[in-house]
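# Structural features, examined
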Amino acid sequence: MGTIQPNISEPVSEELLLVQAAKRGDVAAYEQLVRRYDRNVFRIANHITKNREDAEDVVQDAFLKAYENLAKFQEQSKFYTWLVRIAVNEALMKLRKRRPERTVSLDEDIKTEDDSVPREVADWSPNPEQMYSQSELREILTKTVQGLPAGFRTVFVLRDMEGLSTEETAEALDLSIPAVKSRLLRARLQLRERLSRYFQKRASGDGEK
Amino acid sequence: MKCSEFLTELTSYLDGALDETTKVELESHLSWCHNCYVVCDTTKKTIEIYRDSNLYELPEDLRDKLRNAIVQRCSERDKPSP
C-alpha cells in the first residue's frame, strides 16, 4: 500500500528575495507573496472559524499583521510557516470574539469517546465519488471535519490538506512534534470512522445522509 | 505486531516515515489482518478525499477584492519597522 506525501514544495530562494524586498517597503513584492498564499490562508481560516466572513477578515488581518511585522521574520524558517502561525492566531481570536462564553484554544484537551479503536471496518465500495453528487460529498466532508475538536481539526488541515510537514505544523501551532503526531493520528482515525459511517449507510441503501 | 501497535504506527506508515524494519513488520501484519488492512486503506482514502476536495476555494472576484484591500492597507503604512 502506497504512502502519502505532502504536496507543497516551494522554491525558497525566490521567495526570500520577495520577502527581503517587502521588508524594504516594496508593496508590489509583498503582493506577490499575498498571491502565493491567499488561498491557503483563506482555507485555513475557514476551517478554524467555520464562517466565511470571518475567514475573509482573517485573510486581510493576517497579511497586514505579517507585513507590519516582517522585520521580525527570521529568515531561517519558511515565510509560509510563519504566515500560517499568524493566520491561525488571528482565526482563533475571531472565534474567541464570536464565542466569548467559551475559551477557544488549540490545547483544549479533548475528551471524546475512545476514538482510537476503529469500529467501522468495512471497505468503501463503491467509491464515494460515484455514490454522491459533488455538492453532497462536499457537504459531508465539511460537516465531518467541522465536527472535530479545533485542536485536531487544525493539525489535520495543516498537515493533510495544506501540505505542511510535521515539523512545520509543530512550529506554526507551537506544539511539540509528538503532540502533532498524536493529534494527526486521532484526527485521521476519527474522520475515517465518521466518513465510513456515512458511506456504509448509503451503500447499504439506508438513504440517510 | 499486534493490531494496537499497527494503529500507533499508522500515521508514520502513511507518511512514509517508518524505518524499514517496522515497515516490513507492519506490511506483514496487513497481509493477514483484514480489519487492519481496511482501516489502513480507508484512512488513506480519507486523506486523499479531503486533499482533493477543494473545500473553501477562494473565488477569483473575492480574491481580487481581498488582495486590493491588503495592498491598499499596506501602502498606507510605513515600511515594516524593525
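Residues numbered from 1 in each chain as written. Chains lettered and ligands numbered in written order. Predicted model: local features only at pLDDT ≥ 70, side-chain atom pairs only at ≥ 80, totals over all residues. Heavy atoms only, no water.

### Looking at the overall build of chain A
Assigned secondary structure in chain A consists of nine helices and zero strands. Burial statistics for chain A: of 209 residues in total, 50% are counted as buried. A separation of at least 24 residues holds for 70% of the contacts in chain A among residues at least 6 apart in sequence. In the form shown here, chain A has an accessible surface area of approximately 9,500 Å², with 45% of it arising from carbon and sulfur atoms. (Helix = DSSP H or I, 4+ residues; strand = E, 2+ residues; numbered from the N terminus. Buried < 20%, exposed > 50% of the residue type's maximum accessible area, 1.4 Å probe, protein only. Contact = heavy atoms within 4.5 Å. Areas by Shrake-Rupley, 256 points an atom, 1.4 Å probe, with all protein chains shown as cover.)

### Things to note about the domain arrangement of chain A
Accessible area lost upon the coming together of the parts serves often as the stated size of an interface. Residues and elements named next belong to chain A. Here chain A is partitioned into domain 1 (14–98) and domain 2 (128–208). Its C-alpha centre places domain 1 at a distance of 24 Å from the equivalent point of domain 2. Across the contact, 13 residues belong to domain 1 and 14 residues belong to domain 2. Summed over both partners, the interface of domain 1 with domain 2 comes to about 1,300 Å²; 57% of that surface belongs to carbon and sulfur atoms. Contact with domain 2 buries surface across domain 1, with His 47, Thr 81 and Arg 85 losing the most and accounting together for 42% of the total. In this structure, the salt-bridge partner of Asp 174 is Arg 85, at a minimum N-O distance of 3.8 Å. (Domains from an automatic or database assignment. Buried area = accessible area lost by both parts, 1.4 Å probe. Salt bridge = Lys/Arg side-chain N within 4 Å of Asp/Glu carboxyl O.)

### A short note on the packing of helix α3 (residues 52–68) of chain A against helix α4 (residues 60–75) of chain B
One way to put it is that α3 of chain A packs onto α4 of chain B with a least axis distance of 10 Å and a crossing angle of 35°. As for the relative orientation of α3 of chain A and α4 of chain B, their crossing is right-handed in sense. Facing α3 of chain A, whose interface residues are Arg 52, Glu 56, Val 59, Gln 60, Asp 61, Phe 63, Leu 64 and Tyr 67 of chain A, α4 of chain B presents Leu 62, Lys 65, Leu 66, Ala 69, Ile 70, Arg 73 and Cys 74 of chain B. When the residues that make up the contact of α3 of chain A with α4 of chain B are grouped by side-chain class, the tally is nine nonpolar, one polar and five charged. (Axes fitted to C-alpha atoms, helices over the stretch in contact; angles between N-to-C directions. Left-handed = near helix turned anticlockwise from the far one by under 90°. Nonpolar A, V, L, I, M, F, W, Y, C, P; charged D, E, K, R; others polar.)

### Let's talk about the packing of aromatic side chains
All names here are of chain A. Here the structure, examined in full by the defined rule, presents ten aromatic pairs over all chains. Relative to Phe 79, the ring of Tyr 37 lies with its centre 6.3 Å away and its plane at 40°, an arrangement referred to as tilted. Taken as a pair, Tyr 37 in helix α2 (residues 27–49) and Phe 79 in helix α4 (residues 79–98) lie far apart in primary sequence, 42 residues in all. Here the two residues Tyr 37 and Phe 79 agree in accessibility, since each one is buried. Measuring from centroid to centroid gives 5.1 Å for Phe 73 and Trp 82, while their planes differ by 45°, and the two rings are tilted. When sorted by exposure, Phe 73 lands in the same class as Trp 82, which is buried. Feature note: the residues Tyr 37, Phe 73, Phe 79, Tyr 80 and Trp 82 constitute an aromatic cluster, connected by ring pairs. (Phe/Tyr/Trp six-rings, centres within 6.5 Å; stacked < 30°, edge-to-face > 60°.)

### Quick word on the interface of chain A and chain B
Counting residues at the interface gives 59 residues for chain A and 50 residues for chain B. Taken together, both faces of the contact between chain A and chain B bury some 5,500 Å²; the carbon and sulfur share is 62%. Our count for the contact surface shared by chain A and chain B stands at eight salt bridges. A salt bridge links Asp 123 of chain A to Lys 45 of chain B; the nearest nitrogen and oxygen atoms lie 3.0 Å apart.

### Considering the nonpolar core
The biggest cluster of nonpolar side chains holds 72 residues, and the ones touching the most others in it are Tyr 30, Phe 63, Phe 79 and Phe 199 of chain A together with Tyr 50 of chain B. There are two domains that each give this core at least three residues, and those are domain 1 (14–98) and domain 2 (128–208) of chain A. When near neighbours in sequence (up to four residues on either side) are disregarded, Tyr 50 of chain B contacts Leu 141, Thr 144, Val 145, Phe 156, Met 161, Leu 191 and Leu 195 of chain A together with Leu 55 of chain B. Of all hydrophobic cores here, the second largest spans 15 residues; its members include Leu 189 of chain A together with Leu 14, Leu 30 and Cys 36 of chain B. (Core = buried A, V, L, I, M, F, W, Y, C linked by side-chain atoms within 4.5 Å.)

### Description of α4 of chain B
When the terminal C-alpha atoms of α4 of chain B are compared, their 22 Å separation across 16 residues agrees well with the 22 Å that a helix rising 1.5 Å per residue should span. Of the residues making up α4 of chain B, those classed as buried are Leu 62, Arg 63, Leu 66, Arg 67, Ile 70, Val 71 and Cys 74 of chain B. Seen along its axis, α4 of chain B keeps its buried residues to an arc of 165°; they face one direction. The exposed set on the far side of α4 of chain B, more than 90 degrees from its buried face, consists of Asp 61 and Lys 65 of chain B. On its buried face, α4 of chain B sits against α2 and α3 of chain A. (Expected span 1.5 Å × (residues − 1). Arc of directions from axis to C-beta.)

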